[in-house]
Amino acid sequence: MTALANPAATTTATAARPARRRRLRWQRAVSPIAILILWEALSRGGVLPSDKLPAPSTVLRTGWRLTADGTLAAHLAESLTRAAAGLLIGGVAALVLGATAGLLRLGDDAIDPPVQMARMLPHLALVPLLIIWVGIGESMKITLVALGAFFPLYFNVYAGIRDIDERLVEAARTCGLGTWARLRHVILPGALPSLFLGLRLAIGAAWLSLVVGEQTNTQNGIGFLMMEAREFSQTDVVVVGLFVYAALGLLSDLLLRASERKALQWRRGLRAK
C-alpha cells in the first residue's frame with residue numbers, strides 16, 4: 001500500500017508547487033501596494049506637502065500626460081540606447097578579460113592586479129577625468145555606463161571559473177575531452193551561476209551610472225527630463241523619472257531571472273518556505 005501511495009503523493013506535491021509559487025509572487029506585491037496606499041493617504045491628508053512629494057495619483061497623471069504627448073517615449077529611447085551601448089562595451093570587455101584571467105595563469109598575472117587596483121576607485125568619481133579624456137558628450141555617458149557594468153561582471157566571471165572543482169576538469173581530461181569540449185561541458189556550466197549574478201549586478205550598476213551621466217550636459221534622456229523638471233520645481237516629473245528608472249531596473253532583472261531559470265534548469269537551489 002505504501003509503495004502505491006507514494007507516487008500519488010509525489011504527483012500531488014509536484015502539482016501544488018506552481019500554485020504555491022504563484023501565491024508567493026502575489027505576496028511579494030503586498031508591501032509595495034501598502035506603501036503606495038499609505039503614501040496616497042499621507043499626501044491627501046496634507047502630511048506630505050505636494051510640492052515636496054506629490055501623491056501617487058498625481059504622479060500617475062503626469063506620467064500618462066508625458067506618455068500621451070510622446071515626451072517620455074523620446075527621452076526613454078535615448079536612455080535605452082546609451083544603456084545598451086555601455087552594457088555591450090563593458091560586458092564584452094568583462095567577459096573577455098574575466099575569462100582570460102580565470103583560465104590562463106599569464107592572463108591572471110597580467111590582467112587581475114590592475115583590475116583589482118582600479119576597482120578601489122569609485123567609477124562615478126571619475127566623471128571629471130572622463131570629461132577631460134573623452135569630452136562631455138555621448139562618449140562620456142556611454143563610458144561611464146561601461147565602467148559601471150564592467151567590474152561586477154568581470155569579478156563574477158573570474159570567480160565563477162576559479163571556483164570550479166579542479167577534479168571535474170581532471171575527470172573530463174581523463175575521459176578524453178579536449179580543451180574546447182572541457183570549456184563547453186565543464187567550465188561554462190560551472191561558471192554560469194556566477195555569470196548570471198554578475199549580469200544582474202552589472203545591469204544595476206549600469207542604470208545607476210546612467211542616472212549620473214544623463215545629468216551632465218545632456219539634451220535628452222530620462223536624466224535630462226528630471227534635471228529640467230527640477231529647474232522648474234516640477235516634483236511630479238522628477239518622481240516619474242525615478243519610477244521609470246526603477247521600472248527599467250526591475251524589468252531587466254525579471255528578464256534576466258527568467259533567462260537564468262531556463263539556462264540553469266539542472267540546478268536545484270534552496271527555496272524560501
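Everything numeric here is computed off the predicted structure, so don't read it as measured data.

About the cut-offs
Residues numbered from 1 in each chain as written. Predicted model: local features only at pLDDT ≥ 70, side-chain atom pairs only at ≥ 80, totals over all residues. Heavy atoms only, no water. Salt bridge = Lys/Arg side-chain N within 4 Å of Asp/Glu carboxyl O. Helix = DSSP H or I, 4+ residues; strand = E, 2+ residues; numbered from the N terminus. Buried < 20%, exposed > 50% of the residue type's maximum accessible area, 1.4 Å probe, protein only. Phe/Tyr/Trp six-rings, centres within 6.5 Å; stacked < 30°, edge-to-face > 60°. Lys NZ or Arg CZ within 6 Å of the ring centre and 35° of its normal. 1 Å grid on protein atoms, 1.4 Å probe; cavity = no way out; pocket = protein on both sides within 12 Å on 5 of 7 lines; lining within 4 Å. Points joined across faces, edges and corners; volume = space filled by probe spheres on them.

With that settled, the discussion passes to the pattern of salt bridges. Scanning the model with the defined rule gives nine salt bridges in all. Across the salt bridge formed by D108 and R105, the nearest N and O atoms sit 3.7 Å from each other. You can see D108 and its partner R105 sitting in helix α5 (residues 105–118), three residues apart, about one turn around the helix. Looking at D108, the relative accessible area reads 10%, which means it is buried. A salt bridge links D253 to R257; the nearest nitrogen and oxygen atoms lie 2.9 Å apart. Taken together, the residues span about one helical turn, with D253 and R257 both in helix α11 (residues 235–263) at a distance of four residues.

For the structure shown, the criterion picks out six aromatic pairs. Measuring from centroid to centroid gives 5.6 Å for F150 and Y154, while their planes differ by 20 degrees, and the two rings are stacked. With a gap of four residues between them, F150 and Y154 both fall in helix α7 (residues 138–162), about one helical turn apart. As far as burial versus exposure is concerned, F150 and Y154 are alike and both buried. With centroids separated by 5.1 Å and ring planes inclined at 80 degrees, the aromatic side chains of Y154 and F155 adopt a geometry described as edge-to-face. Accessibility expressed as a relative area gives 0% for Y154, which makes it buried. Over the aromatic face of F155 sits the side chain of R119, whose NZ or CZ is 5.2 Å from the ring centroid.

If you add up the space inside the second largest pocket, you get close to 410 Å³. Around the second largest pocket sit 14 residues that line it, and G102, L103, V169, R173 and I187 are the ones nearest its centre. When contributions to the lining of the second largest pocket are tallied by element, the ones reaching two or more residues are α4 (71–103), α7, α8 (166–174) and α9 (179–213).

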